[in-house]
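Here are the chains, one letter per residue:
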Amino acid sequence: MTLEIFGYSMSLTWLLVLTIAFLVVVFLLYDTWCHTYWRRKGVVYHPALPIIGSLEFSMGVPEVFTFLAKKYGRVYGVYAPRIPMLVVGDPDMLRLIMVKNFSNFHNRLDFALNNRELRQALPSLEDERWREVRNLLTPTFSAAKMRQMSNLVNKAADKLMEHIGSQQEKDGYIECKSVFGSFVMDVIGSCAFGLDVDSQANPKDPFVAHARRAFTFDAKSPLVALSSLFPALGEIFNFLGIVRFIPKDVVAFFADITKKTVALRKSAPQSNKGKSVDFLQLMIDAQSSDKGKVTETKDEGDKDDIHADIERHHDVDFHTKTLSKNVQLTDTELVGQAIIFFTAGYETTNTLLGFVFYLLSTHPEIQEKLIEEVDEMTPSRDSVGYTSIATMPYLDQVVCETLRIYPPAAVINRRCTESFTYNGMTIEPGVVIFIPVYNIHHDEKYWPDPEKFDPDRFSKAEKDKRHPFAWLPFGAGPHNCIGMRFALMEAKMAIARLLQKYRFETCPQTEIPPKLGDNGFLSPPNGVSLRIVTRTDAVN
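Note that this is a predicted model, so its numbers are computed, not measured.

Participant: Could you give an account of the packing of helix 11 (residues 248–267) against helix 15 (residues 331–362), naming the residues involved and the relevant values?
Facilitator: Axis separation between helix 11 and helix 15 bottoms out at 9 Å; the angle between their running directions is 120°. Accordingly, the angle class assigned to the pair helix 11 and helix 15 is oblique. The way helix 11 lies across helix 15 gives a crossing that is right-handed. Seen from helix 11, the contacting residues are Val251, Phe254, Ala255, Thr258, Lys259 and Val262; seen from helix 15, they are Leu334, Val335, Ala338, Ile339 and Phe342.

In structure tokens form, the structure reads like this:
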């Protein structure tokens, strides 16, 4: 077939070839222009390759930022793949970005493969809607609410004590990811959904089976890579269900549980309402017409709370200062919060517990010192609760130092929404800020001998001398992790309960040092295997 174009005869085949060639040239010119962004702004940057951007991002996450920091310092530009991203490892600059100029950076990077429900969860909400929902949910994670939930955590710890001993007796060692993963799943089942789930005893339970499938996302899949290169393609993949962060049927399962539970509780007789203290009930309470109105609140009894001390550096009172209108969660938002409670809390807490006991096993003198504190302050099962573990200084030091060495999330991000200038550098709307938490936590300027496990770094005297933004396992500022108190309570209660009865040791199966994950989370792909030994000097 021949066409007449501008007086020239041309076959349809050649027309298609020339059109495609023209579009390819336009795309490459656009791609090249995008990759000159940091040069045009006068910012030191790592050069990008055509189309794929900064190739080194395919390396393990901690390694890539260590490699780039040695070349460019603590602040530099990269591309992923065409989006200009500014890596900021300078605590002074982070204080401005995350707290003092928070209004310029109050959103996060959108993920094209997020499920619809997850896009309605707190980490993905934006602008005023994020602010409204965050203010609504903040009281749910107060110290008072955590004290109520601590009984549920203690019940899950009862099952942990039973199962961990059985695995040691059966195999001669424990695999931390399996044991602690079951504990965390039981905690989330009860604290988020009000379900009594014994995940280790009932691995075929529908909740357990679906929950485990929620963590099968392959960040290195070719389709995920294509989604990163072409976000519009990622949106198509998501819409068609070809690839999503969580499988569609898994989200549907948890959405169904959430909606049915909410409907059941809302229809319950008035005399039965308010008896549950799980996260879902607290959200229902927050939704009610007389409680949906956010007012300024102060949590009584926080003055001796180590967890609250973490927050004082980061101005999280932001969430109780303003908002006067009634705020209601949509059904999809409520489901989103329930699912993110699960997905955000499972892998991180599981990883933290594995690393805590790995470090205690390889540093027996520190383990003994912690056991002394446990025996003194929480000698029995019923003495372990939010109030007791929140005022145990050495336990807090051990957990904080573990989070320094092995922060579960190696990288966090913020997205610029309003131009911001710092030391002559202007950050424009749309630029993504990458915060290399792992590398900040291993920066010798703030942490001498950074690979050494030294809980005394977190004594009050040492903390007072150190830059507060050199430690960021929960993020910082108004957009910090809303579940920080819950995560710390859950982990610390498990540690105290276990050390009441056991000592932890390395064994032939222990990988020293453990291999770290390279997909943004440090969860060790080979797990952490240890031996537990029943204490002969236990208090009870």
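From this point on, the discussion continues.
Participant: Explain the pattern of salt bridges to me, using residue names and the numbers behind them.
Facilitator: Using the criterion set out here, one finds 22 salt bridges in the structure. Put simply, Glu401 and Arg404 hold a salt bridge, and the shortest N to O gap is 2.8 Å. With Glu401 and Arg404 both in helix 18 (residues 393–405) and three residues apart, this pair spans about one turn of that helix. Across this residue pair, the class does not change: Glu401 and Arg404 are buried. For Arg531, the salt bridge goes to Glu505, with nearest N and O atoms at 3.4 Å. Of this pair, Arg531 sits in strand 11 (residues 529–534) while Glu505 sits in strand 10 (residues 502–505), and the two are 26 residues apart along the sequence.

Participant: Could you give an account of the environment of Lys100, with specific residues and numbers?
Facilitator: Of note, Lys100 is situated in helix 4 (residues 91–100). Along the backbone, Lys100 and Gly477 are 377 residues apart, and their C-alpha atoms lie at a distance of 8.5 Å.

Participant: Could you give an account of the pairing of strand 11, naming the residues involved and the relevant values?
Facilitator: In terms of strand pairing, strand 5 (residues 174–175) meets strand 11 through two bridges, oriented antiparallel. Of the residues in strand 11, the one forming a bridge with Glu175 is Ser529. Bridge count for strand 10 against strand 11 is four bridges, and the pairing is antiparallel. Pairing of Glu505 across the sheet is with Arg531, part of strand 11.

Participant: Would you mind going over the sheet that holds strand 11 in detail, with residue names and values included?
Facilitator: Within the open sheet, the three strands sit side by side as 5-11-10. Their pairing is antiparallel. The open sheet has two free edges, formed respectively by strand 5 and strand 10, since each of these has just one partner strand. This element, helix 21 (residues 484–501), spans strand 10 and strand 11 of the sheet and lies at about 100° to strand 10.

Participant: Account for the sheet that holds strand 6 (residues 412–415), with residues named and values stated.
Facilitator: Taken in spatial order, the four strands of this open sheet run 3-4-9-6, and their pairing is mixed. Of all strands in the sheet, those with a lone pairing partner are strand 3 (75–79) and strand 6, marking the two edges. Direction aside, the axes of adjacent strands within the sheet are offset by 30° on average. In this structure, strand 4 (residues 84–88) lies alongside strand 9 (residues 432–435), joined through three bridges in parallel fashion. Bridge pairing links Leu86 to Ile433 in strand 9. Packed onto the sheet, helix 3 (residues 61–72) meets strand 3, strand 4 and strand 9 and runs at close to 125° relative to strand 3.

Participant: Mind laying out the nonpolar core, listing which residues take part and the relevant values?
Facilitator: Among the nonpolar cores identified, the biggest contains 122 residues, and Phe183, Phe357 and Phe504 are the most heavily contacted of them. A per-element tally of this core places helix 15 first, with 15 residues. Those residues in contact with Phe357 that sit more than four places away from it in its chain are Phe180, Ile495, Leu498, Leu499, Phe504 and Leu530. Within the second largest apolar cluster, 27 residues are counted, among which are Tyr37, Val88, Ile97 and Phe420.

Participant: Mind laying out the packing of aromatic side chains, listing which residues take part and the relevant values?
Facilitator: Counted under the stated rule, the structure contains 18 aromatic pairs. Measuring from centroid to centroid gives 5.3 Å for Phe253 and Phe254, while their planes differ by 80°, and the two rings are edge-to-face. In this structure, Phe253 and Phe254 share a single accessibility class: buried. By way of ring pairs, the aromatic residues Phe141, Phe279, Phe341 and Phe486 are connected into one cluster. In this structure, Arg466 packs its charged tip against the face of Phe458, placed 4.9 Å from the ring centre.

What counts as what
- Residues numbered from 1 in each chain as written.
- Predicted model: local features only at pLDDT ≥ 70, side-chain atom pairs only at ≥ 80, totals over all residues.
- Heavy atoms only, no water.
- Axes fitted to C-alpha atoms, helices over the stretch in contact; angles between N-to-C directions.
- Helix = DSSP H or I, 4+ residues; strand = E, 2+ residues; numbered from the N terminus.
- Parallel < 35°, antiparallel > 145°, perpendicular 65-115°, else oblique.
- Left-handed = near helix turned anticlockwise from the far one by under 90°.
- Contact = heavy atoms within 4.5 Å.
- Salt bridge = Lys/Arg side-chain N within 4 Å of Asp/Glu carboxyl O.
- Buried < 20%, exposed > 50% of the residue type's maximum accessible area, 1.4 Å probe, protein only.
- Pairing = 2+ DSSP bridges.
- Core = buried A, V, L, I, M, F, W, Y, C linked by side-chain atoms within 4.5 Å.
- Phe/Tyr/Trp six-rings, centres within 6.5 Å; stacked < 30°, edge-to-face > 60°.
- Lys NZ or Arg CZ within 6 Å of the ring centre and 35° of its normal.

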